[in-house]
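Tertiary structure, described
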Amino acid sequence: MAVLVTGGAGYIGGHMNLGLLDAGEKVVALDNLSTGFAWAVPETAKLVVGDFGNSELVARLIHEHEVDAIAHFAAKIVASGAILRIAQPDQSIFAVRRCQVHFREVSQDSL
C-alpha cells in the first residue's frame, strides 16, 4: 500500500512515516517545509516539496505513486502563526481552509 503523508516533514508526520515504513508500506511525504525539515523524512520515503493546496500536484502524486490512503498532518502550530491569524485572518485561516477544501475534493476524485 502507498500512503501520501501531508505534513510529512513535521514532527507528527515524520513519526507517521516511520510507523508506515516499519509496517512495510510505501510513503510519499508532501510538505512545503515552512515548519518541517527535509531531514525528518527517512531516505526510504519519497519527499515531495509542495503544498497540499496544490490540487494538480496532489492528483499527480496520487496517480504516479498509486496512493491508497492519505494521512493528513499538514498544519501550522507555531505560536507566531496564531498571532498572524488574529492580525491578518484573510492571509491565514481562510487560505488554509481553501487549501483544505481543494485537497479534499482532489483526493476524493483521485482515490
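In this text, all values refer to a predicted model and were calculated from it rather than measured experimentally.

The subject of this paragraph is the pattern of salt bridges. Evaluated as defined, the whole model comprises one salt bridge. In this structure, Glu64 engages Arg60 in a salt bridge whose closest nitrogen and oxygen atoms are separated by 3.2 Å. Of this pair, Glu64 and Arg60 both sit in helix H2 (residues 55-64), four residues apart, which is roughly one turn of that helix. The partly exposed category is assigned to Arg60, whose relative accessible area is 41%.

As a further point, take the environment of Val58. You can see Val58 is positioned in helix H2. According to the relative accessible area criterion, Val58 is buried, its value standing at 0%. For the pair Val58 and Leu4, spaced 54 residues apart in sequence, the C-alpha separation works out to 9.0 Å.

This brings us to the sheet that holds strand E2 (residues 26-31). The pairing of strands in a sheet comes from backbone hydrogen bonds and takes either a parallel or an antiparallel form. Reading across from one edge, E3-E2-E1-E4 is the order of the four strands in this open sheet, with parallel pairing throughout. Taken across any chain shown, the strands that pair with only one partner, and hence form the sheet edges, are strand E3 (46-49) and strand E4 (69-72). Within the sheet, the average angular offset between the axes of one strand and its neighbour, ignoring direction, is 20°. Strand direction decides the pairing type here: strand E1 (residues 2-6) and E2, joined by five bridges, are parallel. Each residue of the ladder has a partner; that of Thr6, found in E2, is Leu30. Sheet strands touched by helix H1 (residues 11-22): E1, E2 and E4. Its angle to E1, the strand with the most contacts, is close to 170°. Against the sheet, H2 engages E1, E2, E3 and E4, with an angle of about 170° to E2.

Leu4, Val28, Leu30, Val48, Phe52, Leu57, Val58, Leu61, Ile62 and Val67 form the largest nonpolar core, which has ten residues in total. Contributing elements (two or more residues each) for this core: E2 and H2. The residues contacting Leu61, other than those within four sequence positions of it, are Leu4, Val28, Leu30, Val48, Glu66 and Val67. Within the second largest apolar cluster, nine residues are counted, among which are Ala9, Leu20, Val41 and Ala45.

Reading the values: rules and limits
Residues numbered from 1 in each chain as written. Predicted model: local features only at pLDDT ≥ 70, side-chain atom pairs only at ≥ 80, totals over all residues. Heavy atoms only, no water. Salt bridge = Lys/Arg side-chain N within 4 Å of Asp/Glu carboxyl O. Helix = DSSP H or I, 4+ residues; strand = E, 2+ residues; numbered from the N terminus. Buried < 20%, exposed > 50% of the residue type's maximum accessible area, 1.4 Å probe, protein only. Pairing = 2+ DSSP bridges. Axes fitted to C-alpha atoms, helices over the stretch in contact; angles between N-to-C directions. Contact = heavy atoms within 4.5 Å. Core = buried A, V, L, I, M, F, W, Y, C linked by side-chain atoms within 4.5 Å.

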